[in-house]
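Residues per chain, in single letters:
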Amino acid sequence: MTDQNLGSLLHDARRHAGLSQAELASRAGVSNPTVRLAERSQGTIGTYLKLVAASDHTVRIARVADPGLMGNHLADVRRRKRMTQRVASKTSGLSLPTVVNLEKRFSGRLALLEAYLALLERKPSLTPNRREEPESRRRRLAPKTNQHSQDVVMTPPRLAEAIVRHFQPTGVVLDPCRGDGAFYNAFPDHVQAEWSEVREHRDFMEWKRPVDWIISNPPWSRLRQFLVKAMQTADDIVFLSALTHYSTKARVSAMRDHGFAMRSFVLCPEPRGDWPRSGFQLGAAHLQRGWAGPCEFVDRIDAWRHTVEIEDQNRTA
């Protein structure tokens, strides 16, 4: 899928995945008109990336597939062409703030990105994500890719309270996936609590302001995308997820490129009910910018298990 504009690439990716526009919209948590606009190269870059991920494809600009590094790539190409940002602005017809925003945050309008790619002679492409092999054909060293439908799994409020109490965040604290508010409602009164939630038309991928802490249960099928965005937004990140999610080469590389390391991993009891069963250890991973020390593993399973079990019992009673 090359030598096309971004909109037609998305159209082909959706068709390749066997999805209607309505089905893709449902997967990505957006409206049908949003999909139609994106397939005409309209709308925002953040929404486009979300739709591509929902179609089980990956965006690439040359060999760069990490949205968190694409802006840096564009800046490197511009420099190799011996252009300043001001010259690139005048040559492309884009405003200087637009050029800066594309290179620094890789955000903005899709049509403006296409104009800048044309100037830099960079052709985007979408590639299908590698499909899982049958279980019988290989031993599993990583959890199965989560279905998008499994992403809407609410954290038990008592577990969220215990996690927030353990890390004691300060300053501006953001829950990027508020859902029913388990983490957001647990934030202490002395912090400035912020939230986003795509189902309420506040998309974390379009968040602009820096914050001090991000604490949440992110969608596991899009954890890498959320992780990169979180590292661009906060210095301290706490995500409730499986430990193995942080052991892939791509995610280790992304953390290194953004100056982050795992400071601690707090082992958590696995809630019952609809919670996805991966077979891997659940925990609260604390990633911190500039951390150069060892990673501490904290076992809170027994200490927190009764809070989760009591809540599970109350829910089913």
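In case you missed it, the structure is sitting above this.
Owing to the predicted nature of the structure, the values given are computational and were not obtained by experimental measurement.

Visitor: A description of the overall build of the chain should follow, citing residues and the corresponding values.
Guide: Looking only at helices and strands, the chain features 12 helices and nine strands. The buried share of the chain, taken over its 317 residues, is 50%. If you take every contact in the chain between residues at least 6 apart in sequence, the share linking residues at least 24 apart comes to 64%.

Visitor: So what about the sheet that holds strand β6 (residues 236-242)? Which residues, and what values?
Guide: Strand pairing within a sheet occurs via backbone hydrogen bonds; the two strands may be parallel or antiparallel. With respect to topology, seven strands assemble into an open sheet ordered β4-β3-β5-β6-β8-β7-β9, the strand pairing being mixed. The outermost strands of the open sheet, each flanked by one partner alone, are β4 (192-195) and β9 (296-299). When the angles between neighbouring strand axes are averaged without regard to direction, this sheet yields 25 degrees. Against the sheet, helix α10 (residues 223-231) engages β5 (213-216), β6, β7 (260-267) and β8 (282-289), with an angle of about 170 degrees to β6.

Visitor: Mind laying out the packing of aromatic side chains, listing which residues take part and the relevant values?
Guide: One pass over the structure, following the stated rule, counts three aromatic pairs. It is R178 that lies over the ring of W195; its NZ or CZ is 3.5 Å from the centre. Sitting over the face of the ring of W195, R202 holds its NZ or CZ atom 3.7 Å from the ring centroid.

Visitor: How would you explain the packing of helix α5 (residues 67-80) against helix α8 (residues 110-120) if you had to name every residue and give the values?
Guide: Packed helix pairs are specified by the crossing angle of their axes together with the interaxial distance, meaning the distance between the axes. For the pair α5 and α8, the least separation of the axes is 10 Å and the interaxial angle reads 35 degrees. Here α5 runs over α8; the crossing is left-handed. For the pair formed by α5 and α8, the contact residues are L74, V77 and R78 on the first element and L113, Y116, L117 and L120 on the second. The residue makeup of the contact of α5 with α8, split by class, is six nonpolar, no polar and one charged.

Visitor: Can you break down the side chain of E103 residue by residue, with the values?
Guide: Looking at where E103 falls in the secondary structure, it is placed in helix α7 (residues 96-104). A distance of 2.6 Å separates the side chain of E103 from the side chain of R78, its partner in a polar contact. Residues in contact with E103, not counting those within four places in the same chain, are G71, N72, L74, A75, R78, Q85 and Y116.

Visitor: How would you summarise helix α6 (residues 85-92) if you had to cite specific residues and measurements?
Guide: By the burial criterion, the buried members of α6 are A88, S89 and S92. Along the long axis of α6, the arc covered by the buried residues comes to 105 degrees, so they all point the same way. Opposite the packed face of α6, turned more than 90 degrees from it, sit the exposed residues R86, K90 and T91. Where α6 is buried, its residues contact α5, α7 and α8.

Visitor: Can you lay out unusual backbone geometry for me, pointing to particular residues and giving the numbers?
Guide: One non-glycine residue, A62, lies in positive phi territory at about 60 degrees. With a phi close to 55 degrees, E121 is a non-glycine residue in the positive phi region. Looking at where E121 falls in the secondary structure, it is placed in the loop between α8 and β2 (124-128). E121 gets classed as exposed once you look at its relative accessible area, which sits at 59%.

Visitor: Give a detailed account of the pattern of salt bridges, specifying residues and quantitative values.
Guide: Tallied over the entire structure, the rule returns 12 salt bridges. Between E194 and R209 there is a salt bridge whose closest N-O contact spans 3.9 Å. Of this pair, E194 sits in strand β4 while R209 is found in the loop between β4 and β5, placing the two residues 15 residues apart along the sequence. Overall, R209 belongs to the partly exposed group, its relative accessible area being 43%. Among the ionic pairs, D302 bridges to R305, the shortest N-O distance being 2.8 Å. Taken together, the residues span about one helical turn, with D302 and R305 both in helix α12 (residues 301-316) at a distance of three residues.

Visitor: Quick one: what's the story with the environment of V172, residue by residue and with numbers?
Guide: In this fold, V172 is placed in strand β3 (residues 172-175). In the structure, V172 is positioned 40 residues away from D212 in sequence and 5.1 Å away in space, judged by C-alpha atoms. Contact partners of V172, with chain neighbours within four places excluded, come to Q192, E194, V211, D212 and W213.

Visitor: An account of α10 is needed here, citing residue identities and associated values.
Guide: Counting buried residues in α10 gives eight out of nine residues, a clear majority hidden from the surface. Along α10, the positions that sit buried rather than exposed are L223, Q225, F226, L227, V228, K229, A230 and M231.

Parameters at a glance
Residues numbered from 1 in each chain as written. Predicted model: local features only at pLDDT ≥ 70, side-chain atom pairs only at ≥ 80, totals over all residues. Heavy atoms only, no water. Helix = DSSP H or I, 4+ residues; strand = E, 2+ residues; numbered from the N terminus. Buried < 20%, exposed > 50% of the residue type's maximum accessible area, 1.4 Å probe, protein only. Contact = heavy atoms within 4.5 Å. Pairing = 2+ DSSP bridges. Axes fitted to C-alpha atoms, helices over the stretch in contact; angles between N-to-C directions. Phe/Tyr/Trp six-rings, centres within 6.5 Å; stacked < 30°, edge-to-face > 60°. Lys NZ or Arg CZ within 6 Å of the ring centre and 35° of its normal. Left-handed = near helix turned anticlockwise from the far one by under 90°. Nonpolar A, V, L, I, M, F, W, Y, C, P; charged D, E, K, R; others polar. Polar contact = N/O pair within 3.5 Å; in protein donor to acceptor, adjacent residues only side chain to side chain. Arc of directions from axis to C-beta. Salt bridge = Lys/Arg side-chain N within 4 Å of Asp/Glu carboxyl O.

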